[in-house]
Amino acid sequence: MQTPIPYGKQFISQEDINNVIESLKSEFLTQGPKIAEFENAFAKYIGSKYAIAVSNGTAALHLCTLALNVSEGDKVITTPITFAASANCVKYCGGEVVFVDIDPETYLLDYNKVEKLLESSPIGTYSGLVLVDFAGRAIDLEKFSVLAKRFNLWIIEDACHAPGGYFKDSNGEIQYCGNSKFANLAIFSFHPVKHIACGEGGMITTNDEKLYQKLLLLRTHGITKDTSLLSENHGGWYYEMQTLGFNYRLTDFQAALGISQLKRADQGIIKRREIAKNYCDFFNKKDYIISQSGYVEGHAYHLYIIQTPKRKELYNFLKSKGIFCQVHYIPLHKMPYYKDLNKEYIVISESEKYYNNCLSLPMFPTLTCEEQKYVMTQIDNFFNE
Ligand SMILES: Cc1ncc(COP(=O)(O)O)c(C=O)c1O
C-alpha cells in the first residue's frame, strides 16, 4: 500500500530541531532575542523595511485592520477564493466585506471587476483592499496601487501563500510579495503547510514607520516601556498601556524554528517550481483538465491546482489510492456566515465555476519524483478507465 501523500506538509530538518532545542535551553521562552533576529532576517528576505512577528497569520491580519483604523461601516473589497481570515479581519473591526469575482486565468481578484465597481460607486464608498497572492501567484500590486490612489484606498497584501514569490513591475523590475512597495501592509503565515513553518506563527511587513510603531503597541496589549513614548515615568518598572491591544506575540522557540526554516526558503521554492513544471508539462498533453496553475514566472507554488468537471470523483479515486488532495477554497460568500451577513456581494460567477472544478494536488518540497509520478499516473488511470 502506498504511504499516504498529503497535499502539503512541513519539512523539519535536524538543524531545525537543534535550533529549537538551543532556544528552549536559553533564558527566554518568549519576548527574547530570537524575535528581533527572526524579524530582521525576514524583512531582509522579503525586502521590506520593517517586520513584526506575531502569533499567527490571522492575528497579523487583525492587527493590520486595527492599525488602519477599520471601523463600523467601512467597506473592504477582497476575493472570495481565499482562506476565511482574509475577510474575517475586516469583520473583527466592525467593517463590511465586499467580495468581487476572480479572474479565471489567474484565479486572483479580477482587477477589471474591482475597477468597474469602484467607478460605479460614489467616491468614498470603499476603504480598502485585501489582495491575496492566492496559491502563491503574485498579484499585480503596482496596478492595484494606482487604482487605490485614485479611490483613496489602503492595501493589505495577504501574502500567506507567497513568501519568495514575485511579479515584474512596469519597469521590468522584480517586486517580491510582501515588500510593501505598493501596499501599506503585508502579512504572512507560518502554519505547517506554508513555505516557512513555525507550528503557528505570522509576520507583518511594512515600510511605514508610523504603522510599524502602532503595530508594536497593538501586538502587546497596547503597552510600552519605551521611555521616549511614556507620558510619565515613575522608575525602571514603569510602563504604560496607551491603547487597547492584544497578546499576539510569537514565542522565542517558534522564532528559532522560523529563522532556521527561512535559511532553506529559497531551496524550498526551487523544489516547488520543479514540481510545478513537471505537473504543467504532464497536464499540457492531457485534454481532460479545463485549466491548471501552469508554469508562471515568480509563482511561489504554495498550491498546484487543476480544474476538472469530475473533481469529486477524482478526489475520491485519489483518496482510495492514498493521495489526499484538497479544495482551495469554498468561496467565502457561500459560507453560512457571509451568506447571511453580506447580501451585497457583486459578480461571483467565475469564483463559483472555479470552485466547482478545482483540486489542489500534492505540492511540498519533499515530494519525491516517484511520488509525483505516482500521483500523475493515478490521475491518468482515473481518466482512462
Ligand atoms: C490566504 C491566507 N490568509 C490567512 C491565513 C491565516 O493564517 P493562520 O492560519 O496562520 O492564522 C491563511 C492560513 O491558512 C491563509 O492561507
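In this text, all values refer to a predicted model and were calculated from it rather than measured experimentally.

What counts, and at which threshold
- Residues numbered from 1 in each chain as written.
- Predicted model: local features only at pLDDT ≥ 70, side-chain atom pairs only at ≥ 80, totals over all residues.
- Heavy atoms only, no water.
- Near = heavy atom within 4 Å.
- Polar contact = N/O pair within 3.5 Å; in protein donor to acceptor, adjacent residues only side chain to side chain.
- Areas by Shrake-Rupley, 256 points an atom, 1.4 Å probe, with all protein chains shown as cover.
- Helix = DSSP H or I, 4+ residues; strand = E, 2+ residues; numbered from the N terminus.
- Pairing = 2+ DSSP bridges.
- Contact = heavy atoms within 4.5 Å.
- Axes fitted to C-alpha atoms, helices over the stretch in contact; angles between N-to-C directions.
- Buried < 20%, exposed > 50% of the residue type's maximum accessible area, 1.4 Å probe, protein only.
- Core = buried A, V, L, I, M, F, W, Y, C linked by side-chain atoms within 4.5 Å.

**Q** Can you break down the site of the ligand residue by residue, with the values?
**A** Taken together, 15 residues lie near the ligand, and G57, T58, D158, H161 and S189 sit nearest. Within the side chain of S189, a nitrogen or oxygen atom sits 2.7 Å from an oxygen atom of the ligand. In this structure, an oxygen atom belonging to the ligand sits 2.9 Å away from a side-chain N or O atom of K194. Notes on the ligand: free accessible area 390 Å², of which the protein chains cover 92%. Of all the secondary-structure elements, those providing two or more residues to the shell around the ligand are α3 (57–67) and α4 (85–92). If one sorts the elements of the shell around the ligand by residue count, α3 sits on top with three residues.

**Q** Account for the sheet that holds strand β13 (residues 291–292), with residues named and values stated.
**A** The strand order across the open sheet formed by three strands is β13-β14-β16, and the pairing between neighbours is antiparallel. Each edge of the open sheet carries a strand with a single partner, namely β13 and β16 (358–361). Pairing of strand β14 (residues 304–307) with β16 involves four bridges; the strand directions are antiparallel. Bridging from a neighbouring strand, I305 pairs with S360 of β16. Packing against the sheet, helix α10 (residues 311–320) makes contact with β14 and β16, and its axis sits at approximately 25° to β16.

**Q** Residues and numbers for the side chain of N179, please.
**A** Relative to the elements of secondary structure, N179 occurs in the loop between β8 (174–176) and β9 (185–189). By relative accessible area, N179 is classed as buried at 12%. Not counting the four nearest positions on each side in its chain, N179 is found in contact with I46, G47, S48 and N207.

**Q** Describe the sheet that holds strand β2 (residues 50–54), and please don't skip the residues or the numbers.
**A** Remark on secondary structure: sheet strands pair via backbone hydrogen bonds, oriented parallel or antiparallel. What the seven strands build is an open sheet, ordered β2-β10-β9-β6-β5-β3-β4; its pairing is mixed. Looking along the sheet, the strands with just one partner apiece sit at the ends: β2 and β4 (96–99). On average, adjacent strands in this sheet sit at an angle of 20° to one another, irrespective of strand direction. In this structure, β2 lies alongside strand β10 (residues 202–206), joined through five bridges in antiparallel fashion. The residue bridging I52 from the neighbouring strand is I204, located in β10. Sheet strands in contact with α4 are β3 (75–78), β4, β5 (128–132) and β6 (154–158), and its direction is about 150° off that of β4. Against the sheet, helix α7 (residues 209–219) makes contact with β2, β9 and β10, and its axis sits at roughly 15° relative to β2, the strand it touches most.

**Q** Go over unusual backbone geometry with me, naming the residues and quoting the values.
**A** Note on backbone geometry: most residues besides glycine have negative phi, and most peptide bonds are trans. Residue Y329 is reached from H328 by a cis peptide bond, and omega for that bond is 0°. Here Y329 shows up in the loop between β15 (323–324) and α11 (336–341). Even without a glycine there, the phi angle at Y107 is positive, about 65°. Locating Y107 in the fold gives a position in the loop between β4 and α5 (111–119). For A135, which is not glycine, the phi torsion reads 70° and is therefore positive.

**Q** Run through the nonpolar core, naming residues and quoting values.
**A** F38, I77, F134 and F144 are the most contacted members of the largest nonpolar core, which has 87 residues in total. It is helix α9 (residues 265–284) that provides the largest number of residues to this core, a total of eight residues. If we ignore the near neighbours within four places in the chain, the residues touching I77 are V98, V100, L109, V114, L117, L118, Y126, G128, L129 and V130. If you look at the next biggest cluster of nonpolar residues, it comprises 33 residues, including A60, L211, Y212 and Y248.

**Q** Go over the pairing of β14, please, and point to the residues and values.
**A** In β14, alternate side chains face the same way, and those of Y304 and I306 on one face and I305 and Q307 on the other are all buried. As paired strands, β13 and β14 are joined by two bridges and run antiparallel to one another. The residue bridging Q292 from the neighbouring strand is I306, located in β14.

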